[in-house]
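Each chain is listed here by its residues.
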Amino acid sequence: MRYRRALATSAAVAFLYVIALSFICCSAVLGSQDDEPASSSTASREMQSLSTDFLDTNSAATIEAMEKHIFSPQVQSSIQRIFNSRVEHDDKVFRYASLKYTVEGFWRNWKRMMIDGIPTGSSSVGSGIHSLGKFVLFAGDDIDRDFTITYGKQHKPIERAVTIKGYEFGLANMAVFLSQAMVGGIFDDTCDELNEQAQELRRKDENGEPIVAYPISNSCGQYSQNYQEMSCPAGEQGMECPQISPTTTIQSSFNDKIGQRGLMCGPIGTYPEEALKYKNDFDRTDVQGCCWWGRGPLQSKGLCSMGKLNYYIGSKALADGRITRSTSGAYPDINFCTNPNKICETNSADGKDTEDLRWTVAMFEFAEKVQRYSNSNWSYKEKLVEYVSNGMNLNEYYPFELDHSFIHAVSSIVDRGCHNAPNCLPYAGEVSKFPQRREALTIALSALKIPKFREQQVIDTTVEYLKARKSGFEETLLRYKRQGSSTLSERYLFDDFINALYRMSQFRSPDHTPLYLGDPWMRDGHKYGLGNIALFFANGIVLGIEKDDTCDELNQYMVSGKIALSSSCGQRGSSYQDMVCESSDVPDMACQVDPDMFITAVTYDRTLGAPPALQCGPRSRIPYVGYWDPTENAESEFEAFANLNGRTDVEGCCWWGRGLLQMKGPCAFGRLNYYLGARAARENRPSMYEDVDFCLNPEAVCGSQYRHELVWISALFKWLDRVQNYEDGEWNYMEQLRIFADNQFEDNVFIKEVNAMVEVGCRHPPCKEAGCVSFPCDGAYPENVNRAVNRAYLTFTVLGIWDFKESLGGSNSPTPVPSVCPECTGTPTLVPTNSPTATPLMDFTSAPSEAPTREVTVLLRRYDDFRTHLLNRRRLLDSKVFVSETKSGLASSTLYTLDGLLSILKDLATKGTDDGSGHNLMFYIGQDNDKNFNYGIVNMALFLAHATTRGLKFDSCEEVNHHLVDGKLPISNACGQHSQSYNEDVCPMADFARECPLDLTMNVKQTSVGSSPAPNFFCAPKSTNPFTGYFDPSSGRTEKSKPFANAIGREDVEGCCWWGRGMLHVSGICDVGRFNFIYGLPAFKDGRPSARYNIDFCVYPEALCTDFTIPSSAFSKFPTIIDTKDIRYLFALHYWMSNVQNFNWGFWNYRERLEQFVDDGMTDDSFVDGFSDIIIDSSRDGPLRKAKFKQILEIMFTEVDVSTSPSAYVSFQPIPSEDSTNDVSGQLPMETITDTDIQSDVTIVQTIENPPPVEGIQVTPQSMVPVQLPTSPRLPDVSLEPDFPGFSSTGDSAEPPATESKVNVPPPTSPPFLNKVFEYSSGYNTHTSSLFPVVGIYLCTSLLTYLMF
């Protein structure tokens, strides 16, 4: 469900207490170990004795090596993750490259601080023996050092000899700094400290919950720190700033992201908020003299920090002669004591780049405050060296030996002034945001790709993980069937596999990466390698192991009922000897086809009655070949018999498939020879098999002395060559593999694409790489992709990789924001996902439908009651609900009818539909035995109310372009309206495999816009439509000559094919994908009974609103037209069942709120407010929805005269708007509804009529109290923000304008029990105060809640 972070507030409040208790416990432990070296209670690490003098060597060679590392492609591909900021808008989190902090600006200043530093004015003060007289940032030196690190559980420690380069100490120092800067400024893209500490007031809200506030006096200090009292220690007190003038007035340049006022200072009485008397931690309510809040990436704050800045780089440094105006990194014209706000001003007076100033302030503080820190047997230099020499973040990589003592101490120094918070006097208290700082260090280290020795370590971890599961491989995967029984493979042995795997992980070549076995810089990073190996193995099972444990390709495809012995030349229409290399390959890389080569396969199908082994030879020896007759189990050699390509000989046909993955063709064997065989040795390149020429003897894979290795090595090389290096435009296998792993290895499409790449050479068959003589041939398609999917899941189960959580940090995961973990040393709490509990079955059978059960009969009777209730109100529903806006006013909908809705509703309300996960989705009409039937009525009322703001509004199946930007409608609104991005509307982890993949080449044009004059949406690639313009509703003109951005900055429509569709205008790749999975082509392929449409809606989303034609194919000679008119209802109802009725997040459960609303007499409008604000994130049209909800409730709870047929349909004439009273051009020739049509014999009741007794369902009837209709004001005109002049002048009003009286149709009035709640003033909701405490709690916990999820 979309954007639910705000919905976990209740859980987050309790969660905060858990965190606080955990911090106290952790801090107590830290505090008791001040005089002891940091160590893990579950790990054994060899302490390294190493001097720290080398840290500030900072030679030119060291800095050059560091710069080369940072600007390497590997690091550059991930470093931006450190410099990404986030912003919350409409309960959505957007990430973007920070505007205040850039990679370039950081490196520019960091490099300057390593080389030039900051002068101290004293030859005895500096960062170290190599930098006396200046503060520099540590870079390390040029020496590679060897260490032995010990890690692992105490009962099974693991030792490893590693080499750490000298500059890695400098990179680790950089990562520590960045971890603090990310939390201090980068994540929120702020320079000024945020007003973020909430104080609980004595008052409580109407629900008894305490009200929280953010005092402006937080400017004086937050989290138990009084910034005005943060003075320097003895010996440095002459550096600190004097108290600022009480008349000084400063306001921060950044308002809090959660809506609170920014920090500020000024004389008492300057700000009206002072009158509220909200107190901060130390009872301040004013902000006089409180100008010392944090600034810059490290949030430098207080008298001492500002004073030191001024003393070393500011105006005092110039006055005292420590700097000159030409000193690098100095700001001689800034007095940081009188103008601390200069740090964050957007335009500095002296013209210097303000980003440089922000970085300089932070880097100076880090060099002076952290790098020099030494106290109570804790020295930063010593601990940094110890941290690096012990493997840096091994504690993150191995969760069983978590040890956060180093980063906790550093964070404590930055935040509290000493290394052992909470015992830092006078600033006692926990380190603020410590979990975020800890995770930020993980991100920084992973993005910087250190320590480098972990590249080998992840290989070892993956191999050890596989070795531990040897029994599972041998009992489940390495088996083939022989005469009905399962037999352990005699050819494909586990130990040979492990050896081959390790050897290929060490393989190096200029144009190949080694076999990928995982992300070295991520916790559980080996899961990516396991995913790679699992996919490899699954295809090997299908192509090699299960095919009678053979190495050579089997002759198994018949031609005219016979099996051609010329199949060695190619099967299924492929010609193996014609599989040549691409022109981009090394010249002559493919093997030359030798017509005199004579080979007989050493392995073959040993099943009784199977054909003989494949063979090749010159025509001089084998003029022709015959066939194998499977009916006679005999070979015919007396006449030539051709294969599918017409070959009757086998000359040059020695290139059939071999090895686990059936490597075939002269190109594949030539490449194997070029990289691993004799040719590599001849050309003085490393070779694994220098004495094996695979071009002279391709059968060496199956028949040489190395065959036990080569059955695996050849397959692993093919995997490297064909799969791991595969790129198709913007589609890259490695990127997709990481996405696949991050999403719990649940994506059948990806598995099938990989299978196609292995079998036929591309991911979208038919593939030209398959060597078809006549393209396309059968061989251009993979043989059985479903079998490959089945074996993949079988392999995943054996490997246990569904148990992995989403990895933290790392270069390959989505850009994370550090998460709050439930414990100081725990892992972040993630949204739970359901892993398969058993191996998925790919073969489904359809059993006959069972006779209706008693339960079904009861449900059918309940549905009949529900249907009758709606049909009895057809006239009112048709005239007030199933209507749409037109230029001439309201008119009957041409797309949506009550009958159409009920026809789809029946099955969904009586049988439901399987959601594909074993859960039955059912539209709720009060089917529960112990529930009031009114629940179902109100559920339908809200559904219809929402529909009136979507599809019914303009009588369209597709979303209408309506969101104005600067008075114009961007064509790129197809990508998303109201700051939404439909392409990014991704599914939760559990449903990620169902999500539609983005196809940037897709071309789709909108066909249903109803009464809207706006131009149709469309999507198209940038190659054909590099940009889009806008539609001017005032002139009716479309501008196409220049780009025009929508609200999220999109100027193109590439991939933007996911606008809303159906009765509720459901949008996004997730919800379309979910619908497709249950009702579309995937359900057909999987054999699930929910399948309705043989359409892939992820490929053809337009079919959701228009009839679809399946083109003719080899399987269907004539085109097939599929009627999709019911989808507009089904799509909406399915969305309601899965996304609304099942909504349960934090404190808000839809079903509970629905029942509470009814049980309380329908007197709490927060129910519909919550639906608008929380479930669908659409408060913009909440008032309209609420007005329509009121109107529909009036209809639903109106007792009607049913003496006439309830199915009588009444159409009506459009109700003219004020601007079109005299314009009859748009009026429809329909019967006008009179006053009698609506209110004859009408009585308002609080419950429905007593329902007829239904077997098995007990409904307690409530007394029906007739209420005379009083005269009440007409519902207000509630306008949606994006309306423009092209629509009816009524805008989004819930009712027609006052001209309605011209056709004598009085508005329906509300019964008293509804009037009590649904009161309106000028179209605005005046009863949303019940949400205020929720919002208050959310503001207090939003950051931690967000990070938690």
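Residues numbered from 1 in each chain as written. Predicted model: local features only at pLDDT ≥ 70, side-chain atom pairs only at ≥ 80, totals over all residues. Heavy atoms only, no water.

**Quick notes on empty space enclosed by the protein**
How we decide: Two kinds of site are reported from a 1 Å grid over the protein atoms alone, namely cavities, where a 1.4 Å probe fits but cannot get out, and pockets, open sets with protein on both sides within 12 Å along at least five of seven lines, and residues are called lining when an atom falls within 4 Å of a point. Grid points are joined across faces, edges and corners, and a volume is the space filled by probe spheres set on the points. Only DSSP runs of H or I covering at least 4 residues are called helices, and only runs of E covering at least 2 are called strands; the numbering of each starts at the N terminus. Any residue that is not Ala, Val, Leu, Ile, Met, Phe, Trp, Tyr, Cys, Pro, Asp, Glu, Lys or Arg is counted as polar, Gly included; the first ten are nonpolar and the last four charged.
Inspection of every chain in the model, using the stated rule, returns 17 cavities of 30 Å³ or more. Its volume calculated, the largest cavity comes out at about 370 Å³. Along its surface, the largest cavity is lined by 26 residues, and E553, R572, Y576, K664 and E759 are the ones closest to its centre. The set of elements that each furnish at least two residues to the lining of the largest cavity consists of α20 (707-724) and α22 (748-760). The element that contributes the greatest number of residues to the lining of the largest cavity is α22, accounting for three residues. Among the residues making up the lining of the largest cavity, the classes are represented as 10 nonpolar, six polar and 10 charged. Empty space within the second largest cavity amounts to approximately 260 Å³. Lining of the second largest cavity is provided by 20 residues; of these, E196, Q299, K301, S432 and R437 occupy positions nearest its centre. Elements with a minimum of two residues in the lining of the second largest cavity: α5 (166-186) and α11 (405-416).

**Looking at the pairing of strand β24 (residues 889-892)**
Under the convention used in this document: Here a strand pair is declared whenever DSSP counts at least two bridges between the two strands.
Relative to β24, strand β23 (residues 883-886) runs antiparallel, the two being bridged by four bridges. Paired with T886 across the strands is G889, a residue of β24. In this antiparallel pair of consecutive strands, β23 and β24, the connection spans two residues.

**Focus on the nonpolar core**
Heads up, the rule is: Only buried residues count toward a nonpolar core, which is a set of Ala, Val, Leu, Ile, Met, Phe, Trp, Tyr and Cys residues joined through side-chain atoms within 4.5 Å. For each residue, the accessible area found with a 1.4 Å probe, counting protein chains only, is set against the maximum for its type, and the residue is called buried under 20%, exposed over 50%, and partly exposed in between. Any two residues having at least one pair of non-hydrogen atoms within 4.5 Å are treated as being in contact.
Membership of the largest hydrophobic core comes to 111 residues, with the highest contact counts inside it found for F473, F497, L535, W712, W719, Y733 and F796. Broken down by element, this core gets its largest block of residues, 12 residues, from helix α16 (residues 526-545). Once you skip the residues sitting within four places of it in the chain, Y733 turns out to touch N532, L535, W719, V723, Q724, Y726, F750, V754 and M757. Within the second largest apolar cluster, 108 residues are counted, among which are M66, V388, C418 and L448.

**Quick notes on the side chain of D915**
In plain terms, the rule: Counted charges follow a simple rule, with Lys and Arg positive, Asp and Glu negative, and His plus the chain ends left uncounted. The term salt bridge refers to a pairing of a side-chain nitrogen on Lys or Arg with a carboxyl oxygen on Asp or Glu at a separation within 4 Å.
Within the element layout of this structure, D915 appears in the loop between β25 (913-914) and β26 (920-921). Among buried charged residues, D915 stands out as having no salt bridge; its nearest opposite-charge side chain is R994, 5.1 Å away.

**So, the sheet that holds strand β19 (residues 627-629)**
Strand order in this open sheet of four strands is β15-β16-β19-β20, and the pairing throughout is antiparallel. One side of each edge strand has no neighbouring strand; the edge strands of this open sheet are β15 (558-559) and β20 (634-636). Sheet analysis places β19 next to β20, joined by three bridges and oriented antiparallel. If you follow Y627 over to β20, its bridge partner there is S636.

**Observations regarding unusual backbone geometry**
The omega torsion of the bond from L425 to P426 falls at 5°, within 30 degrees of zero and hence cis. Topologically, P426 is positioned in the loop between α11 and α12 (434-448). Backbone geometry places M1162, a non-glycine residue, at a positive phi of 60°. With respect to the helices and strands, M1162 occurs in the loop between α32 (1150-1159) and α33 (1166-1175).

**Some details on the pattern of salt bridges**
In a structure, side chains of opposite charge can pair up when their charged atoms sit close to one another. Scanning the model with the defined rule gives 52 salt bridges in all. Residue R763 pairs with E753 through a salt bridge whose shortest N-O separation is 2.9 Å. Note that R763 is positioned in the loop between α22 and α23 (785-799) and E753 in helix α22, a separation of 10 residues in sequence. For E753, a relative accessible area of 11% puts it in the buried group. With its nearest N and O atoms 3.1 Å apart, the salt bridge here joins E885 to K953. Of the two residues, E885 sits in strand β23 while K953 sits in helix α28 (residues 951-954), which places them 68 residues apart along the sequence. K953 carries the same exposure label as E885, and that label is buried. Residues participating in the shared-partner salt-bridge network are E236, K308, E368 and R372.

**Quick look at the environment of G289**
With respect to the helices, strands and loops of the structure, G289 is situated in the loop between β10 (264-265) and α6 (302-312). We classify G289 as buried; its relative accessible area is 5%. Sequence spacing of G289 and P246 is 43 residues, and the spatial spacing of their C-alpha atoms is 4.9 Å. What G289 contacts, discounting residues up to four positions off in sequence, is Q228, I244 and G266.

**Quick look at the confidence of the model for the protein chain**
So the rule is basically this: Each residue carries a pLDDT score, the predictor's own confidence in it, on a scale running from 0 to 100.
Summarising the model, the protein chain shows a mean pLDDT of 78, and 77% of its residues fall at 70 or more. The model gives residues 1-49 a pLDDT under 50, and that stretch makes 107 contacts with residues more than four places away or in other chains. Between residues 397-401, whose pLDDT stays under 50, and residues either more than four places distant or in other chains, the model counts 24 contacts.

**Here's the deal with the packing of helix α14 (residues 470-477) against α23**
Using the following cut-off: Every angle, taken between N-to-C directions, lies between 0 and 180 degrees, and every axis is a line fitted to C-alpha atoms, over only the stretch in contact when it is a helix. Angular relationships are summarised with four words: roughly parallel below 35 degrees, roughly antiparallel beyond 145, roughly perpendicular across 65 to 115, and oblique for the angles in between. The sense of a crossing depends on the near helix, which, turned anticlockwise from the far helix by less than a right angle, makes the crossing left-handed and, turned clockwise, makes it right-handed.
Viewed as axis vectors pointing N to C, α14 and α23 meet at an angle of 150°, and their least axial separation amounts to 9 Å. It follows that α14 is roughly antiparallel to α23 by the angle criterion. In this structure, α14 meets α23 at a crossing whose hand is right-handed. The segment α14 lies against α23, with G472, F473, T476 and L477 engaging L794, T795, V798 and L799. Tallied by class, the residues present in the contact of α14 with α23 amount to five nonpolar, three polar and no charged.

**Points about the side chain of K100**
Along the chain, K100 turns up in the loop between β2 (92-97) and α4 (103-115). The side chain of K100 is buried and forms no salt bridge, while D189, the nearest opposite charge, is found at 5.9 Å.

**Some remarks on the packing of aromatic side chains**
What counts is decided by this rule: Two aromatic rings from Phe, Tyr or Trp, using only the six-membered ring of Trp, form a pair when their centres are within 6.5 Å; if the ring planes differ by under 30 degrees the pair is stacked, by over 60 it is edge-to-face, and anything between is tilted. Put simply, a charge is over a ring when the Lys NZ or the Arg CZ is close to the ring centre, within 6 Å, and near the line of the ring normal, within 35 degrees.
For the coordinates displayed, the defined rule picks out 62 aromatic pairs. Ring geometry for F83 and W359: centres 6.3 Å apart, planes at 70°, overall edge-to-face. Taken together, the residues F83 in the loop between α3 (73-76) and β1 (84-89) and W359 in helix α8 (residues 354-371) connect sequence positions 276 residues apart. Its relative accessible area of 0% is what places W359 among the buried residues. Ring geometry for F497 against W712: centres 4.9 Å apart, planes inclined by 45°, an arrangement best described as tilted. Residue F497 is located in helix α15 (residues 494-505), and its partner W712 is located in helix α20; the two are separated by 215 residues in the primary sequence. The pair F497 / W712 is uniform in exposure class, with both members buried. Among the aromatic residues, those joined into a cluster by ring pairs are F83, Y101, F106, W110, F177, W359, F366, Y380, Y387 and F406. Positioned above the aromatic ring of Y465 is the side chain of R469, whose terminal nitrogen or guanidinium carbon lies 3.5 Å from the ring centre. The ring of Y1030 has K968 sitting right over it, with the charged end atom 5.4 Å from the ring centre.

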